[in-house]
Number of protein chains: 2
Amino acid sequence: MPMEQLPALQLLKKIYILQDLQEKELQQVLDIAEERDFPQGATIMREGEPGEMMYIIRAGEVEITKRLILEIDEDAPRDKVMIRLRADQGVIFGEMALIENDVRSATVSALTPCRLLEVKKDAFFKLINQNPATGVKILLRLGQLLSNRLRKSSEDVVKLTTALAIALDR
Amino acid sequence: MPMEQLPALQLLKKIYILQDLQEKELQQVLDIAEERDFPQGATIMREGEPGEMMYIIRAGEVEITKRLILEIDEDAPRDKVMIRLRADQGVIFGEMALIENDVRSATVSALTPCRLLEVKKDAFFKLINQNPATGVKILLRLGQLLSNRLRKSSEDVVKLTTALAIALDR
């Protein structure tokens, strides 16, 4: 797998939810992460399926897609509308699985051969229970990440409701 | 203020983000909360304005409203679309302010005379830093609350996008 790689600790320092951790704490996160390789085109997670791990992109690029339109009629299914996001260094995905038991909210595929660091929910819980001060630092940032996303999504709801009101008014 | 009140600790036990706490920990939360009374009709917080505290409803009822349609044209402003939520015992609001620095995402008014418990962000940070095991329990639940809301909001985006596609297709 011919990819440039940052030293793992340096990579972890760039991750938003880990930014308050000291080197020793980053090492503890690294210790519970497992390296996994995915070939180009592989589906890493699929929207609607259960999942219990978060991923950190060690090398490579992924594509995150999410269905934006419901299939209204089986005979004439509407195309999925995709959001394409390029994951760069310091990017994580699947992080909601660290704190809840629910299905994946998006599909993630490998655009290039990918090396990922996989962090399982169980191991994460063990880590933050054994090191609650580290847990507080990570969970605060994760909460901030989620509340930022919630604000953006709420803005989208306002914009779409407005657009719909205008469209229905024509 | 003629209102029935649960003993404060019993009330705190009903709150989602505090449900994993032991009695001793609930008491610590209670110790940093200040009782505040609002007359009927008072605006407790206003959408778009800064705020640094969370509230627990001790007695009374509030109305939570949120703008759902942008004002497109100053001369012909569209009415606000409101979501009305009745707050019951065990209900909190403003909890996003505990973990982030941002403006209020909704307006909250007192439908009846209200007695609230106010928890300031500073005091909350001090509490979870001094008692990180308690902090982990609260922040995990807060994260779950936010991720549930994010899922619901994302579903709304999908539904609205679908409705808009149909409306534009007519």
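Counting of residues starts from 1 at the beginning of each chain's written sequence and follows it residue by residue. Numbering of ligands from 1 and lettering of chains from A proceed in the order in which they are written. Per-residue local features of the predicted model are confined to residues with pLDDT of at least 70, and side-chain atom pairs are confined, for both listing and counting, to 80 or more; whole-chain, interface and lining totals are unaffected and use all residues. Computation of side-chain values covers all heavy atoms of the structure but excludes hydrogens and water.

Enquirer: Tell me about the interface of chain B and chain A, and name the residues and values.
Expert: If you look at the interface, chain B gives 48 residues, while chain A gives 48 residues. Together, the buried faces of chain B and chain A total about 4200 Å²; carbon and sulfur atoms form 71% of this surface. Basic side-chain nitrogens of Lys or Arg form a salt bridge, by our definition, when they fall within 4 Å of a carboxyl oxygen of Asp or Glu. Inspection of the region where chain B meets chain A yields 4 salt bridges. In the analysis that follows, any N or O atom pair within 3.5 Å is treated as a polar contact, provided that within protein one partner can donate a hydrogen and the other can accept it, and provided that, for residues neighboring in sequence, both atoms belong to side chains. The tally of links between chain B and chain A comes to 11 residue pairs in polar contact (both at pLDDT 80 or more). Any two residues whose heavy atoms approach within 4.5 Å at even a single point are treated as in contact. Note: buried area is the sum, over both parts, of the accessible area (probe 1.4 Å) each one loses when the two are combined.

Enquirer: So, the sheet that holds strand β2 (residues 43-45) of chain A: which residues are in play, and what are the values?
Expert: All names here are of chain A. Within the open sheet, the 3 strands sit side by side as β2-β6-β4. Their pairing is antiparallel. The sheet terminates laterally at β2 and β4 (62-65), the two strands that pair on one side only. Averaged over all adjacent pairs, the angle separating strand axes in this sheet is 30°, with direction ignored. Only strands that DSSP links by at least two bridges are regarded as paired with each other. To qualify as a helix, a DSSP run of H or I must reach at least 4 residues; to qualify as a strand, a run of E must reach at least 2; elements of each kind are numbered from the N terminus. Note: β2 against strand β6 (residues 107-110), 2 bridges, orientation antiparallel. For helices, the axis comes from a line fit to the C-alpha atoms of the stretch in contact; other axes are also lines fit to C-alpha atoms, and the angle between any two N-to-C directions lies between 0 and 180 degrees.

Enquirer: Which residues make up helix α2 (residues 23-32) of chain A, and what are the values?
Expert: Residues and elements named next belong to chain A. The buried label goes to any residue with under 20% of its type's maximum accessible area, the exposed label to any with over 50%, and the partly exposed label to all in between, with areas taken from a 1.4 Å probe on protein chains only. Burial in α2 covers these residues: Glu-25, Leu-26, Val-29 and Leu-30. Looking straight down α2, one finds its buried side chains confined to an arc of 150°; they lie on one side. Facing away from the buried side of α2, by more than 90 degrees, are the exposed residues Lys-24 and Asp-31. Turning to α2, the residues buried within the fold contact α1 (8-13), β1 (33-38), β7 (114-120), α3 (121-130) and α4 (132-169). Here, the arc refers to the directions that run from the helix axis to the C-beta atoms.

Enquirer: With reference to specific residues and values, describe the packing of aromatic side chains.
Expert: Residue and element names in this part refer to chain A. Pairing of aromatic rings covers Phe, Tyr and the six-membered ring of Trp, with a centre-to-centre limit of 6.5 Å; geometry is then stacked below 30 degrees between planes, edge-to-face above 60, and tilted otherwise. Per the stated rule, a full pass over the model turns up 4 aromatic pairs over all chains. Summarising the aromatic geometry, the rings of Phe-38 and Tyr-55 are spaced 6.3 Å apart at their centres and angled 85° between planes, so their arrangement reads as edge-to-face. Here Phe-38, found in strand β1, pairs with Tyr-55, found in strand β3 (residues 53-59); they are 17 residues apart in sequence, far enough to count as distant. By relative accessible area, which is 8% here, Phe-38 ends up buried. Here a set of aromatic residues connected by ring pairs shows up, and it is made of Phe-38, Tyr-55 and Phe-93. Looking at Arg-141, its charged tip hangs above the ring of Tyr-16, at a distance of 5.5 Å from the centre. By definition here, charges over rings are those cases where NZ of Lys or CZ of Arg is within 6 Å of the ring centre and within 35 degrees of the ring normal.

Enquirer: Tell me what's going on with the pairing of strand β6 (residues 107-110) of chain B, and back it up with residues and numbers.
Expert: All names here are of chain B. Covered by surrounding structure in β6 are Thr-107 and Ser-109 together with Val-108 and Ala-110, the residues of both alternating faces. Pairing geometry for strand β4 (residues 62-65) and β6, over 4 bridges, is antiparallel. What sits directly across from Thr-65, in β6, is Thr-107.

Enquirer: For the pattern of salt bridges, give the residues involved together with the corresponding values.
Expert: The tally for this structure, following the rule as stated, stands at 28 salt bridges over all chains. Between Arg-149 of chain A and Glu-95 of chain A there is a salt bridge, with its nearest N and O atoms 2.4 Å apart. In this pair, Arg-149 of chain A sits in helix α4 while Glu-95 of chain A sits in the loop between β5 (92-93) and β6, placing the two residues 54 residues apart along the sequence. On the accessibility criterion, Glu-95 of chain A (5% relative accessible area) is buried. With a shortest N-O distance of 3.9 Å, Lys-66 of chain B and Glu-47 of chain B are connected by a salt bridge. With Lys-66 of chain B in the loop between β4 and β5 (92-93) and Glu-47 of chain B in the loop between β2 (43-45) and β3 (53-59), this pair connects stretches of sequence that are 19 residues apart. Shared partners join several salt bridges into a network, and the residues in it are Glu-34, Arg-36, Glu-118 and Lys-120 of chain A.

Enquirer: Can you break down the relation of the copies chain B and chain A residue by residue, with the values?
Expert: The transformation that overlays chain B on chain A combines an axial shift of 0.0 Å with a rotation of 180°, and the residual RMSD is 0.0 Å. Classification of the inter-copy transformation places it as that of a two-fold axis. Counting the interface residues of chain B, we find that 100% of their copies in chain A are interface residues as well, pointing to one common contact surface. The copies were overlaid with a least-squares fit restricted to C-alpha atoms from residues scoring a pLDDT of at least 70 in each copy.

Just distances and angles here, no functional claims.
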